Amino acid sequence: MSVVLAVLLVATAVGAIAVVTCRDVASQAVVLGAYGFVLGALFLALSAPDVALSEVVVGSVLTPLLILLALVKVRGR
Amino acid sequence: MTSRQRRLVAVPVGAGLAVVLALAFHGLPAFGTAHHPYGDASVRAALALRHTANAVGSVTFDQRGLDTLFEEFILLAAVLGVRLLLRPAAGEHQGTDPDREPRSPAAVRATVLVLLGVTAVLSVSVVLHGHLSPGGGFQGGVLAASGLHLLYVGGGPRTLARFRPSAALELLEAAGAGGYVVIGLVGLVGSGSFLANDLPLGRTGSLLSAGTVPLLNIVVGFEVGAGLVLLLASYFAQERLAEGPR
Amino acid sequence: MTALAFGVAAVVLLAGLYGVVTSRDYLHLVVCLVVAQSSTYVLLLGIGYRAHATAPVFSDHPKGPVVDPVVQALTLTDVVVGATVLALLLALVVQAAKGAGGYCDPDALNDLHG
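Everything quoted here is computed from the prediction, not taken from an experiment.

Criteria and cut-off values
Residues numbered from 1 in each chain as written. Chains lettered and ligands numbered in written order. Predicted model: local features only at pLDDT ≥ 70, side-chain atom pairs only at ≥ 80, totals over all residues. Heavy atoms only, no water. Helix = DSSP H or I, 4+ residues; strand = E, 2+ residues; numbered from the N terminus. Buried < 20%, exposed > 50% of the residue type's maximum accessible area, 1.4 Å probe, protein only. Phe/Tyr/Trp six-rings, centres within 6.5 Å; stacked < 30°, edge-to-face > 60°. Expected span 1.5 Å × (residues − 1). Contact = heavy atoms within 4.5 Å. Buried area = accessible area lost by both parts, 1.4 Å probe. Salt bridge = Lys/Arg side-chain N within 4 Å of Asp/Glu carboxyl O.

Undergrad: What is the right way to look at unusual backbone geometry in this model?
TA: Here the phi dihedral of A:Ser47 falls at roughly 60°; this positive angle occurs in a residue that is not glycine. With respect to the element layout, A:Ser47 can be found in the loop between helix 2 (25-45) and helix 3 (49-75). Positive phi, normally seen in glycine, also occurs at B:Leu195, with a value near 65°. Tracing the chain through its elements places B:Leu195 in the loop between helix 9 (166-191) and helix 10 (213-243). For B:Leu195, a relative accessible area of 9% gives the class buried.

Undergrad: Please explain the packing of aromatic side chains as it appears in this structure.
TA: Each aromatic ring pair is described using two quantities: the centre-to-centre distance and the angle formed by the ring planes. Summed over all chains, the structure comprises six aromatic pairs over all chains. Ring plane angle 50° and centroid distance 5.8 Å describe the contact between B:Phe25 and C:Phe6, whose orientation is recorded as tilted. One end of the pair, B:Phe25, is in helix 1 (residues 3-26); the other, C:Phe6, is in helix 1 (residues 2-22), on a second chain. The pair B:Phe25 / C:Phe6 is uniform in exposure class, with both members buried. Judged by centre distance (5.0 Å) and plane angle (25°), the ring pair of B:Phe31 and C:Tyr49 falls under stacked. With B:Phe31 in the loop between helix 1 and helix 2 (37-49) and C:Tyr49 in the loop between helix 2 (26-48) and helix 3 (69-99), this pair bridges two chains. Summarising the burial analysis for this pair, B:Phe31 and C:Tyr49 share the class buried. The rings of B:Phe25, B:Phe31, C:Phe6 and C:Tyr49 are connected pair by pair, giving a single aromatic cluster.

Undergrad: Quick question: what am I supposed to make of helix 6 (residues 137-148) of chain B here?
TA: Residues and elements named next belong to chain B. Look at helix 6: 16 Å from first C-alpha to last across 12 residues, which is about the 16 Å you get at 1.5 Å a residue. Helix 6 sits mainly inside the fold: 10 of its 12 residues count as buried. Along helix 6, the residues that are buried comprise Gly137, Phe138, Gln139, Gly140, Gly141, Val142, Leu143, Ala145, Ser146 and Gly147.

Undergrad: Sorry, what's going on with the interface of chain C and chain A here?
TA: It is common to report an interface's size as the accessible area lost on association of the parts. In this assembly, 46 residues from chain C lie in contact with 40 residues from chain A. Taking both partners together, chain C and chain A bury about 3,300 Å²; carbon and sulfur atoms supply 80% of that area. Put simply, chain C and chain A have zero salt bridges between them. Within the residue set of the side of chain C that touches chain A, elements represented by two or more residues are helix 1, helix 2 and helix 3 of chain C. In terms of residue count, the dominant contributor to the side of chain C that touches chain A is helix 3 of chain C (13 residues).

Undergrad: I'm lost on the pattern of salt bridges in this one. Help?
TA: Pairs can form between side chains of opposite charge once their charged atoms are near each other. Residue and element names in this part refer to chain B. The tally for this structure, following the rule as stated, stands at four salt bridges over all chains. Here Asp67 ties to Arg64 by a salt bridge, and the two come within 2.8 Å at their closest N and O atoms. The exposure class of Arg64 is partly exposed, given its relative accessible area of 36%. A salt bridge links Arg83 to Glu170; its shortest N-O distance comes to 3.0 Å. Here Glu170 lies in helix 9 and Arg83 lies in helix 4 (residues 65-85), a separation of 87 residues in the sequence. Judged by relative accessible area, Arg83 falls into the partly exposed class, the value being 24%. Taking the relative accessible area as the measure of exposure, Glu170 reaches 39% and is therefore partly exposed.

If you want it as structure tokens, here you go:
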């Protein structure tokens, strides 16, 4: 179990750095969605299924969608 | 401040923050420790005093129900702020939708229909079982709001708008926020303290148990679901502005 | 393991703040803020974690050692409320860009315009 946790923790740190260093907002939204999924898996491994459920739905569906919609508006497509 | 100056300030501040964080985290209990006095006390309270199988739900809606009331109003304020900021300004007009939107392939529409049914049932189940299993009003509300937007995939903006009556959703959101307060006031009248869990507690693990927790889950589900749909509706309307005549 | 768990929370926070400081685009900046915020989830759940314990849900198994439900309740509401606050921030960015003719660079929006 602790191996899984360690892998997911490292993946979280890598994911966060990947989101931040991604300079193009459209691809950043996609990377953020993947990061939300990694966080959800980490929370599940930390025995927090309640939080994992909200993180997966919010972090990998709702948040990227909001960012893309805002991007369309700002850039005027 | 230029970007260069900002970086020059950020380097020492960031390094200082890293040191402070390291010092603070050094004083924390070890990761995975068996010593959780507050957590254990709250689990005992959830099971013995409140008959709530999901201890997280008990903390959210019962033991610390007042915090959740304020969280709910932060959500309400954020949704109101987005509606206000993204409303069409004077001089802008909503782009008119085409009378007929291109139909998606039949396979896509069929898949969307099936998925719509699945998400609808799933979100109701997640809300109603919030006091028994992982889930509750927050998760169920988000699921329902995201699921509704499958209509955009299967149909298009018009189909989505037809199933998204703003007036009804605004009413539903207000009812969700107000319902939480009303349940709190019932406790206040019944036993003299706001949000007191006075209802029959039932048997731990059965659908009708945990007193007010399932009711609060339902009102929060309405508020979160309606709020997020309204919020996304503002953004979709904005998107149409960008497409409309300039 | 302790150093790794809390270290990751610190790395995520610092990475998010680095992004905020170096960002040349308000949308990018808001996303970096989301990353910085997610470090609190890792920290809180890390504090509440108990090794060899189950989730604090008792519908399908008898009472045994469980992880701390209090920090989970804190995190869970914040995930959802955080998303709506993010939407508010994005709406502010949209309005700022509308005023600045589509510009989204923090350095280009230094002055107040009526």
